[in-house]
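Each chain, written out:
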Amino acid sequence: MSDKKVATSPDDRTVIGITFGNSNSSVAHTVDDKAEVIANEDGDRQIPTILSYVDGEEYYGQQAKNFLVRNPKNTAAYFRDFLGKDFKSIDPTHNHASAHPEDANGAVTFTVKDKEGEDAEPSKLSVDEVAARFFRRLVGSASDYLGKKITSAVITVPTNFSDKQKSALIAAATAADVEVLQLISEPVAAALAYDARPDTEVKDKIVVVADLGGTRSDVTVLASRSGMYTVLATAHDYEFHGAALDKVLMDHFAKEFLKKNPKSDPRENARSLAKLKLESESTKKALSIGANASFSVESLADGIDFASTINRLRYEMIARGVFEGITRLVSSVIKKAGLDVLDIDEVILSGGTSHTPRIASNLAAVFPESTAIQSPSTSATAVNPSELQARGAALQASLIEMYEAEDIDQSTHAAVTTVPHITNAIGVVSRSPSGEDVFIPIVQPETAVPTRRTVFVPAPKDGGDVLVRIVEGNTHIKVTQPAPKAAAANGGSRAAKVEDADDSDADESDSEEEEDDDEEKREKVWKIGATVAEAAIRGVKKGGKVEVTINVNADLSVIVTTREVGGKGGVRGVISA
Amino acid sequence: MISTLTIPALPEGWAAEKDFKPIGKITKDHATQRTIEPVGPHFLAHARRARHKRTFSEDDRIQAQERAKKVEENDESDISEPEDPMLLARDAKDWKNQDHYKVLGLSKFRYKATEEQIKRAHRKKVLRHHPDKRAATGKTEDDSFFKCIQKATEVLLDPVTRRQFDSVDEEAEVEPPTKKQLTKGNFYKLWGNVFKAEARFSKTHPVPLFGDNKSSKEDVEAFYNFWYNFDSWRTFEYLDEDVPDDNENRDQKRHTERKNANARKKKKVEDNARLRKLLDDCSAGDERIKRFRQEANAAKNKKRLEREAAEKKAADDAAAKKAADEAAAKEAEEKAKVDREAGKKAKEAAKTAVKKNKRVLRGSVKDANYFVAGDASAATIDAVLGDVELVQAKVDPEEIAALAAKLNGLKVADEIKAVWKEEVGRLVAAGKVKEAEIKALN
């Protein structure tokens, strides 16, 4: 992937997983196959991606973030997304309250005073240099924690990172003396962090990973097929994110402050604004944990102290627009993937903003009950969403640390990763007690080939000869209309319902049509398609079971092996591609 | 759900070759080439299969084999040494003098034994020598060896005490080779083992290897530099005299402590001296150092010789040049002399030739009887000879020679006259002689 690498032989490696985010970064390592996020010197596990220079002294993380109030000019923040980009194509919105990005022949630079002395010349630092310095601090604190020098890392990147951005990131890490073993995409790292938990069985499932960060939200639909992930659709949003929630709280408290002190608006003074933002963010975090949170800033504006409280209900009301935006974003990606909410087996909430309980409950309302929503407020076993990606990266790092760099490059080469995926499900036809043919899927759609799956289907009670019919299958959503009378009653009471829909159920307010759907019964049904092959198993014992194994080769030819469980021989046949 | 569903019974009359009937094909859609995310253990398995072109069952088999091998290796590394009856009879009170590794059956590994191995060895020994077990098998309830095991584990599992023990573990020492051993010629192997054993005390790792006679100069220098500046963690606390821990005699306690500290210091100094001597001995016999020195000398000599050769060559060249110059000058001089002489001779020859030719010319007119019939008058002779003289004076020696050649041999007067006439005509035409001047030969 990159031209120059700090190659380290597999034996001398000390590996970590790094999540280098636009707002926060974290670092994880593995202990006995379990990933653990490393705390830095300040005890932070989420380290703000900020560098600040005061009197030639470099600060990073939370300390640097606190300098946003007193020393914004020499503080570089939110620079991850600028890596490998032209000045023309960057969005500097979030850098308003810190060092501003500047144009240097198209490259993005920050001008900060990073040397000691009153009259020291401010230096122009390219964004690559800033990232390299930040990496050095990040890796340095991890090295201190582990007591060993970190040599190599797996780093997560958003799915829409271009090759240029990726190589800029690798260059920055290399400049910080870290060998980049692999770049993995953030949603996959999150999914891996869940699937790598002990006693998680490998299932075929469709997963939605909603990565809700500080300055952007990325939603990805993944097909997880026997532990291999394929991205089906992605969406990126730069409107509904953590900073938008901060903004809502900032406005709320600023208005409250104005009510008491009509003359001074804290939003008109840069320092007051920075204080307001910092406190709003911690209030937001407090609201994710408790039902009430306090907000207090000393000398918010014109030397006036300000203290207030807010409860969660109020917060959810004022931030409704953002929450709904996130829900809409998730729904739109599922549509983009050509799927229905019923197809989704799991929703993983990742990123700091995912701590917000309302976002999870809104999503739970959209999806059927069978869909597992993995977030701290909906599932007791959920992993801390802020740590997911770093954990996933650390797990991947521990998996590949014993391989030579060349081996890794070869294994991640497009020739290995790009493979055909089957379009329709392949399954076996069985009979329900009422005599209907029912499709039992063996290989799910969107499964990468080559693949191998096995199912066990009981034979009829009396045994005897049985027919194994291998068919293709499709799903469709069966909508059962409610009785007309119920519909009329519903129509009459709609007006009343809309009024109190405010904070009861975001799903309902999505659209009028959705509301009607509430009463409908929607279910996913398998439809039997074309027959692919038939096979016979003769003389199955009473109460016996039939094992059907399907092997789809890389050229889409299929090998069907079927036999009675515990029986000898069996039938094996090949369906040419 | 599957439990209520069953596989349908075979319809009547269904038959196929080998009970299998392919009917359709699975839907192929080339648009569904997608990229798998290269992440996770299952992808690794996929990549392994794809790169080695294995099928699922082949891969399963190979993986199973590899796993099986690992288990075997683990078993092999398990500790099973025969127990020395002398060891079993040891008194636990004398733990300071026991060989902890031997007690646990790890004498093969010693300082190389991992913590895991020690734990495993301890467990194994405990299972065999636990007092309860001994009692059960009817032996005496003597748990002294069990205590030895416990003490050995206690010492070896604590990194501090383990280092103290390793520092004085004589069994791990490798004696420097004697002269007699070295005469057999495996110098590098014998000394290499010595330093490998000494390297266990190093605070910095990796320790440079001793190498062999092919090692580069840098490697050898790095080796000796490292060892002459060796930073050792070796301590001699283990050999301390027991400090009385009763509070009664504080002076005695302090005295012992001081004695111990001094002894440690002394031993440490001795150890450093020992290592230094080891290195001196080794480097004294190291052929590589000699060779490098020779090579360095040879390089220096080579430079000097080259310089001298160059100087000599320059001197030679100068002398040769001088000689050549001299020879050339001499030659030129001689040549000039010869030329001068030759010129003189030629001039004389030419003079004689001219004289001879003139004689021929004169003779020719005489032969032609001065172009008159009968005896020629003196005036005629004078006129003719005057013309001949004139012609001779007007033409250069080559023309005289040519004329002489034409005239030579001619006896008939007319022919001679014709030649003369021609010559005179030519001269007149050339404007060398005026017609009037010629009196007879026209």
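Residues numbered from 1 in each chain as written. Chains lettered and ligands numbered in written order. Predicted model: local features only at pLDDT ≥ 70, side-chain atom pairs only at ≥ 80, totals over all residues. Heavy atoms only, no water.

Looking at an unreviewed UniProt entry, one finds chain B named DnaJ domain-containing protein and attributed to Schizothecium vesticola. As its UniProt record puts it under Subcellular location (unreviewed entry), chain B is described as follows: "Cytoplasm". (UniProt positions renumbered as here; feature names shortened; annotations may be inferred.)

For chain A, an unreviewed UniProt entry supplies the name Hsp70 protein-domain-containing protein and the organism Schizothecium vesticola.

Caption draft 1: Just the pairing of strand S24 (residues 464–480) of chain A, in detail. All names here are of chain A. Judged from the four bridges that link them, strand S21 (residues 425–431) and S24 form a sheet pairing that is antiparallel. The residue of S24 that forms the bridge with Gly 427 is Val 471. With 15 bridges connecting them, S24 and strand S25 (residues 521–540) associate as antiparallel partners. Its bridge partner lying in S25, Arg 469 is registered against Glu 534. (Pairing = 2+ DSSP bridges. Helix = DSSP H or I, 4+ residues; strand = E, 2+ residues; numbered from the N terminus.)

Caption draft 2: Broad picture of the side chain of His100(B). All names here are of chain B. If you trace the backbone, His 100 turns up in helix H4 (residues 100–103). Within the local environment of His 100, its side chain forms a polar contact with the side chain of Tyr 238, the two groups lying 2.7 Å apart. Not counting the four nearest positions on each side in its chain, His 100 is found in contact with Trp 95, Ala 152, Val 155, Leu 156, Phe 165 and Tyr 238. (Polar contact = N/O pair within 3.5 Å; in protein donor to acceptor, adjacent residues only side chain to side chain. Contact = heavy atoms within 4.5 Å.)

Caption draft 3: Here's a closer look at the interface of chain A and chain B. Counting residues at the interface gives 73 residues for chain A, matched by 43 residues for chain B. Of the roughly 5400 Å² buried between chain A and chain B, counting both surfaces, carbon and sulfur atoms make up 63%. Along the contact surface separating chain A from chain B lie three salt bridges. At the junction of chain A and chain B, the tally comes to 20 residue pairs in polar contact (both at pLDDT 80 or more). It is S25(A) that provides the largest number of residues to the side of chain A that touches chain B, a total of seven residues. Residue composition of the side of chain A that touches chain B, by class: 44 nonpolar, 21 polar and eight charged. Bridge count for strand S15 (residues 228–237) of chain A against strand S2 (residues 33–37) of chain B is two bridges, and the pairing is antiparallel. Residue pairing across strands places Thr230(A) opposite Ile36(B), the latter belonging to S2(B). (Buried area = accessible area lost by both parts, 1.4 Å probe. Salt bridge = Lys/Arg side-chain N within 4 Å of Asp/Glu carboxyl O. Nonpolar A, V, L, I, M, F, W, Y, C, P; charged D, E, K, R; others polar.)

Caption draft 4: Local environment of the pattern of salt bridges. By the definition in use, this model includes 57 salt bridges over all chains. Arg431(A) is the salt-bridge partner of Asp437(A), the closest N and O atoms lying 3.2 Å from each other. Each of Glu173(B), Glu198(B), Arg200(B), Arg234(B), Asp271(B) and Arg274(B) takes part in a single network of salt bridges with overlapping partners.

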